[in-house]
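Summary of structural features
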Amino acid sequence: MARAHTFDRITARPLALLTTLWLLGGAAVAEDDPGAQIAREGNDRGATACIQCHGEQGQGQAQPPFPRLAGLPKSYLVEQMTAYREGQRPNATMAQIAQHLDDDEIEAVSRHYAEMKPAGGPHRVPEDLVEKGREIALEGLPERNIQSCASCHGEQGRERNPSLPPLAGHPPRYLMAQLQAYAQGARKTALAGLMQGIAQELEEEEMAAVSAYFASIPAREE
Ligand code: HEC
Ligand code: HEC
């Protein structure tokens with residue numbers, strides 16, 4: 001009896017210690033990463049939790065289109081969040097949220113999403129559109145002096161230059177809406193001019209085709 005008792009005490013100790021460490025570890029992660037906390041819970045000044053719309057993995061959602069955030073470059077994310085807050089990128093939903101985030105929170109939540117593994121897509125889109133879109137994406141439209149999308153965004157739309165958003169795995173309707181916004185001059189961030197000239201040259205059908213092409217590619221290489 002006495003021996004069994006001793007045995008219990010010896011094994012129970014390290015177990016209790018492990019449990020304590022595990023609990024402390026969990027709490028430490030949440031506190032150390034304010035960006036992850038904003039993503040999961042929002043903040044107490046009225047910013048909504050990002051995952052409600054952008055998904056648990058930051059993968060976005062096809063309908064209504066919510067863009068992917070996971071694996072977008074940090075400085076691009078900071079730029080866009082600031083633009084929603086200050087009005088250079090008009091969108092009522094995101095403006096309302098960004099207006100309740102200060103610079104440090106924007107920095108933190110942007111770092112969080114930039115460090116996540118790319119996620120999103122592939123989306124289901126008509127194959128004939130994808131084919132047409134692939135041609136424009138890879139070759140451009142030389143007869144109309146339109147550069148290939150690949151020259152900046154990469155052939156798979158996975159290029160991750162600091163100011164250059166990857167396009168792979170975004171919902172098709174999100175991509176389409178952005179091309180229309182550039183064409184109308186509605187997005188006014190510092191580098192939006194690069195896209196405005198290109199988008200203004202594209203017919204609606206061509207916008208739908210390139211959007212289908214990039215949406216058909218998963219954000220992350222399998
Ligand atoms: C109620 C739904 C909703 C919530 C909650 C939400 N978003 Fe969004 N978000 C959207 C929509 C819709 C868009 C597309 C807006 C547009 O067309 O410009 C968007 C776009 C974005 C973009 C632009 C992505 C790109 O590729 O340019 C970023 C960055 C972003 N959201 C970050 C966040 C962050 C960070 C949070 C949490 C603090 C958040 N969002 C919470 C709906 C939401
Ligand atoms: C000269 C380089 C360049 C070329 C070529 C280019 N892009 Fe872009 N693209 C950019 C930059 C830079 C941005 C970010 C601009 C900003 O801050 O709004 C961007 C942004 C975008 C966005 C918005 C992404 C998001 O997450 O909201 C879409 C969609 C897009 N490009 C599609 C295309 C398509 C389709 C083509 C080919 C027809 C193309 N781009 C060609 C540089 C380029």
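Figured I'd write up the structure that's included with this text. Note that the structure is predicted; figures quoted are calculated from it, not measured. For every chain, the first residue of its written sequence is number 1, and the numbers climb from 1 along that sequence. To label them, take the chains in the order written and letter them from A, then take the ligands in the order written and number them from 1. Selection of residues for local features in this predicted model requires a pLDDT of at least 70, selection of side-chain atom pairs for listing and counting requires 80 or more, and totals for whole chains, interfaces and linings are taken over all residues. Derived side-chain values reflect all non-hydrogen atoms in the structure, with water molecules and hydrogen atoms excluded from consideration.

**Brief notes about helix α2 (residues 34–41)**
Think of it in three bands: with a 1.4 Å probe and only protein chains considered, a residue is buried below 20% of the maximum accessible area for its type, exposed above 50%, and partly exposed in between. In DSSP terms, a helix is any run of H or I states spanning at least four residues, a strand is any run of E spanning at least two, and both are numbered starting from the N terminus. Listed in full, the buried residues belonging to α2 are G35, A36, I38 and A39. Projected down its long axis, α2 carries its buried residues within an arc of 160°, all on one side. Here a residue-residue contact requires only that any non-hydrogen atoms of the pair lie within 4.5 Å. Where α2 is buried, its residues touch α3 (51–54) and α6 (103–115). Structurally, the start of α2 carries an N-cap: the backbone nitrogen of G35 is 3.0 Å from a side-chain oxygen of D33. Positive backbone phi, approximately 75°, marks G42, located one or two places after α2. This arc corresponds to the set of directions leading from the helix axis out to the C-beta atoms. Polar contact is defined as a pair of N or O atoms within 3.5 Å, subject to the rule that within protein one atom must be able to donate a hydrogen and the other to accept it, and that residues adjacent in sequence are counted only when both atoms are side-chain atoms.

**A word on the packing of helix α7 (residues 127–139) against helix α11 (residues 204–215)**
At their nearest, the axes of α7 and α11 sit 7 Å apart, and the two run at 95° to each other. Taken as axis vectors, α7 and α11 run roughly perpendicular relative to one another. Contacts between α7 and α11 involve L129, V130, K132, G133, R134, I136, A137 and L138 from the former and E205, E206, A208, A209, V210, A212, Y213 and F214 from the latter. Partitioned by chemical class, the residues of the contact of α7 with α11 number 11 nonpolar, one polar and four charged. Helix axes use the C-alpha atoms of the stretch in contact, all axes being lines fitted to C-alpha atoms, and the angles between their N-to-C directions lie in the range 0 to 180 degrees. Reported orientations rely on four angle classes, namely roughly parallel under 35 degrees, roughly antiparallel over 145, roughly perpendicular from 65 to 115, and oblique for the rest. Lys, Arg, Asp and Glu make up the charged group, whereas Ala, Val, Leu, Ile, Met, Phe, Trp, Tyr, Cys and Pro make up the nonpolar group; the residues left over, Gly among them, are polar.

**Focus on the coordination of the iron atom of ligand 2**
Coordination angles at a metal have ideal targets, namely 109.5 degrees for four tetrahedral donors and 90 or 180 degrees for six octahedral donors. The donor set covers N, O and S atoms within 2.8 Å of the metal, switching to 3.2 Å for Na, K and Ca, and it leaves out water, so a site may look short of donors. The coordination sphere of the iron atom of ligand 2, as far as protein atoms go, consists of H153 (NE2) and M195 (SD), spread over 2.0 to 2.2 Å. Sites are called tetrahedral only when four donors show all angles between 85 and 135 degrees, square planar or octahedral only when four or six donors show opposite pairs over 155 degrees and all other angles between 65 and 115, and irregular in any remaining case. Here the iron atom of ligand 2 binds six donor atoms, and the angle range of 87 to 178° at the metal identifies the geometry as octahedral. Of this pair, H153 sits in helix α8 (residues 150–153) while M195 sits in helix α10 (residues 192–201); the two residues are 42 residues apart in sequence, bridging distant segments of the chain.

**Examining the side chain of S148**
By the secondary structure assignment, S148 is in the loop between α7 and α8. With a relative accessible area of 17%, S148 lands in the buried category. Excluding residues within four positions of it along the chain, S148 makes contact with I136, A137, L138, E139 and G140.

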